[in-house]
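# Geometric and topological summary
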Amino acid sequence: MLLLLAFACPSPAPDSGSPPGGGAELTYYHDAKPILDRSCVRCHTEAGTAPSFADPADVVALASAIAGYVGAGTMPPAAPDPSCRDYENSDRYVLADSDRETLLAWAEGGAALGDPADQVDGPGPLASIGPFDVELRGEPYQPEFGADGNDYRCFALPVGNESVVYLTGLEALVDRPEIVHHVVLFEPAAVSESQRVPEGFSCSGFGEAGWTVVGAWASGGTPLWFPEGAGVPLRAGAELILQMHYFNSFDGADQIVDQSGYGLLTADSVEREVSTLPYGPTGFSIPGGSDDYEVSDTSRYRGGDAQILAAFPHMHETGVGFRMSVEGESDQCLVDMNGWYFHNQLLPVFNEPMSLTSGDKVTTTCIYDNPDSQDVTFGEETGNEMCFGFVWLVPAE
Ligand code: HEC
């Protein structure tokens, strides 16, 4: 539809001074670059798996592919829909219609490079929320992949706090993203002597009884920070569990040594304490050969009046859609993703927190396509599926 519009647009006569819309006037430097900087270069870098957009000549050579992917809506990859509930930096993750039309018109109009003197830069990748008050890292570790390619390694790491502190921001510091499938930071009820070892210990992807999720990162993941005056309490002398899930997906992955970790921002006191809750169905199975197969769970929230600050949708690679909503006095959309790209697992921090009252129903729905003949079952391994929506909440003001 948009492609057709772009084709139907007559090219303006040279020097006609007509408004933009005829793509022949649009240039890489002036029109395409600011959009690509904002919405694409966090993945399309020299370091990533996506072709780099660093060299303008490469971008021009990819122009028709850019028009194809952007026109089909496959790039940028699916992200939570801000019209469900808007979140910080959503304009970087979801392409505005006007930007999509500009990219298409530029590509269809001949993908001119233009004059570097006209260069308009976009905002580029998000800055780190550091410098951090605390950096937690295990010892350098070379994964020992099982036959199925997975290795879960946990490190019990002391925060170094002599009295209670509050986490006000967290960012995964991923050392070797090519082998890191996910990172989860847990707060354990207790740490045993056998776990308190510098080389870490083998652990389950679900964690253990008594471990609560504090932070989570998967490919494409973003930092988490809380509004002024809110934070996750950590008792004096706290130890956190850094859980690394490594996955072997290419030759030589087993030679890589990783030292990922978490950067923490802390405060000595807060007005409101942040807690986390996991929602979503477990124990399901996705039949082989199914399309748009939905699994869903509705649970009642039981707790004091609260506000949801952020949510983290998590599925594996057969996911194609994700929804989370809260039904109380009214129906409210929390997260809506019409699509899913495993390497783009954002953690939306909402612009307006959502109110939650005891008895409200929280519904989490995941949608999958399973073209294989085998069923895909719920589980922690990469070849299994999960359907989680983790939420971060604070008591209502
Ligand atoms: C979350 C990461 C991410 C973002 C953001 C992203 N891409 Fe991609 N893109 C990828 C990856 C990974 C690939 C390679 C694998 C694939 O084709 O799916 C890719 C492939 C492509 C390709 C195919 C390249 C080829 O060799 O044919 C095009 C074109 C493209 N992206 C355009 C864009 C544009 C334009 C944007 C921004 C509007 C964008 N992408 C944003 C990750 C991303």
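Every value quoted in this text rests on a predicted model; they were computed, and no experiment measured them.

Moving on, we get to the sheet that holds strand S2 (residues 150–158). Spatially, S5-S2-S9-S4-S6 is the arrangement adopted by the five strands of the open sheet, whose pairing is antiparallel. The sheet terminates laterally at strand S5 (201–202) and strand S6 (211–218), the two strands that pair on one side only. Bridge analysis of strand S4 (residues 180–188) against S6 gives seven bridges, and the strand direction is antiparallel. The residue of S6 that forms the bridge with Phe186 is Val213.

Below, the discussion takes up the domain arrangement of the chain. In terms of domain boundaries, the chain breaks down into domain 1 (2–118), domain 2 (134–272) and domain 3 (275–395). Counting residues at the interface gives twelve residues for domain 1, matched by 18 residues for domain 3. Summed over both partners, the interface of domain 1 with domain 3 buries about 1,400 Å², with 61% contributed by carbon and sulfur atoms. Linking domain 1 with domain 3 are zero salt bridges. Across the domain 1-domain 3 interface, the total number found is eight residue pairs in polar contact (both at pLDDT 80 or more). Broken down by class, the residue content of the side of domain 1 that touches domain 3 amounts to seven nonpolar, no polar and five charged.

Side chains that differ in sign of charge can pair as their charged atoms come close. Summed over all chains, the structure comprises ten salt bridges. Here Glu135 ties to Arg137 by a salt bridge, and the two come within 3.6 Å at their closest N and O atoms. As a salt-bridge pair, Glu193 and Arg196 come within 2.5 Å of each other at their nearest N and O atoms. Here the residues in one salt-bridge network are Lys33, Asp37 and Asp121, joined through shared partners.

Looking now at the coordination of the iron atom of the ligand. Protein coordination at the iron atom of the ligand: the donors are His44 (NE2) and Met75 (SD), at 2.0 to 2.3 Å from the metal. Note that the iron atom of the ligand binds six donor atoms; their angles at the metal cover 84 to 179°, and the shape is octahedral. With a gap of 31 residues between them, His44 in the loop between helix H2 (28–39) and helix H3 (56–61) and Met75 in the loop between helix H4 (63–72) and helix H5 (90–93) connect regions that are remote in the sequence.

This brings us to the pairing of strand S8 (residues 230–234). Within S8, four of the five residues are buried, which leaves it mostly tucked inside the rest of the structure. Note: strand S3 (residues 165–173) against S8, three bridges, orientation antiparallel. Bridge pairing links Leu167 to Val232 in S8. Looking at chain direction, S8 and strand S11 (residues 272–273) are connected through two bridges and run parallel. Paired with Gly231 across the bridge in S11 is Glu273.

In this section: unusual backbone geometry. Across the junction of Met75 and Pro76, the peptide omega takes the value -10°, indicating a cis bond. Structurally, the position occupied by Pro76 is in the loop between H4 and H5. Across the junction of Gly130 and Pro131, the peptide omega takes the value 5°, indicating a cis bond. Within the secondary structure, Pro131 sits in the loop between helix H6 (97–108) and strand S1 (134–137). For Ala111, which is not glycine, the phi torsion reads 50° and is therefore positive.

This part is about the environment of Ser204. Here Ser204 lies in the loop between S5 and S6. The exposure class assigned to Ser204 is partly exposed, which follows from its relative accessible area of 28%. Along the backbone, Ser204 and Tyr152 are 52 residues apart, and their C-alpha atoms lie at a distance of 6.5 Å. Not counting chain neighbours up to four residues away, the residues in contact with Ser204 comprise Tyr152, Gln243 and Glu380.

With that settled, the discussion passes to the site of the ligand. Around the ligand sit 21 residues, and of these Cys40, Cys43, His44, Met75 and Tyr341 come closest. Between the ligand and the protein, one listed contact pairs a nitrogen atom with a side-chain N or O atom of His44 at 2.7 Å. Where the shell around the ligand is concerned, the elements lending two or more residues are H2 and H4. The greatest single-element share of the shell around the ligand, amounting to four residues, is contributed by H4. No fewer than three residues from each of domain 1 (2–118) and domain 3 (275–395) sit in the shell around the ligand.

Right, let's get into the state of the cysteines. Scanning the model with the defined rule gives three disulfides in all. Through a disulfide, Cys154 is tied to Cys203; the S-S separation comes to 2.0 Å. Judged by the sign of its S-S torsion, about 80°, the bond between Cys154 and Cys203 is right-handed. Here Cys203 lies in the loop between S5 and S6 and Cys154 lies in strand S2, a separation of 49 residues in the sequence. Judged by its relative accessible area of 0%, Cys154 is buried. Look at Cys203 and you get buried, because its relative accessible area is 13%. Paired by a disulfide, Cys366 and Cys387 hold their sulfur atoms 2.0 Å apart. On the sign convention where negative means left-handed, the S-S torsion of about 90° between Cys366 and Cys387 marks this disulfide as right-handed. One end of the pair, Cys366, is in strand S19 (residues 361–370); the other, Cys387, is in the loop between strand S20 (376–377) and strand S21 (388–395), with 21 residues separating them in the sequence.

Reading guide: rules and limits
Residues numbered from 1 in each chain as written. Predicted model: local features only at pLDDT ≥ 70, side-chain atom pairs only at ≥ 80, totals over all residues. Heavy atoms only, no water. Pairing = 2+ DSSP bridges. Helix = DSSP H or I, 4+ residues; strand = E, 2+ residues; numbered from the N terminus. Domains from an automatic or database assignment. Contact = heavy atoms within 4.5 Å. Buried area = accessible area lost by both parts, 1.4 Å probe. Salt bridge = Lys/Arg side-chain N within 4 Å of Asp/Glu carboxyl O. Polar contact = N/O pair within 3.5 Å; in protein donor to acceptor, adjacent residues only side chain to side chain. Nonpolar A, V, L, I, M, F, W, Y, C, P; charged D, E, K, R; others polar. Donors = N, O, S within 2.8 Å, 3.2 Å for Na, K, Ca; no water. Tetrahedral: all angles 85-135°; square planar, octahedral: opposite > 155°, others 65-115°. Buried < 20%, exposed > 50% of the residue type's maximum accessible area, 1.4 Å probe, protein only. Near = heavy atom within 4 Å. Disulfide = S-S within 2.5 Å.

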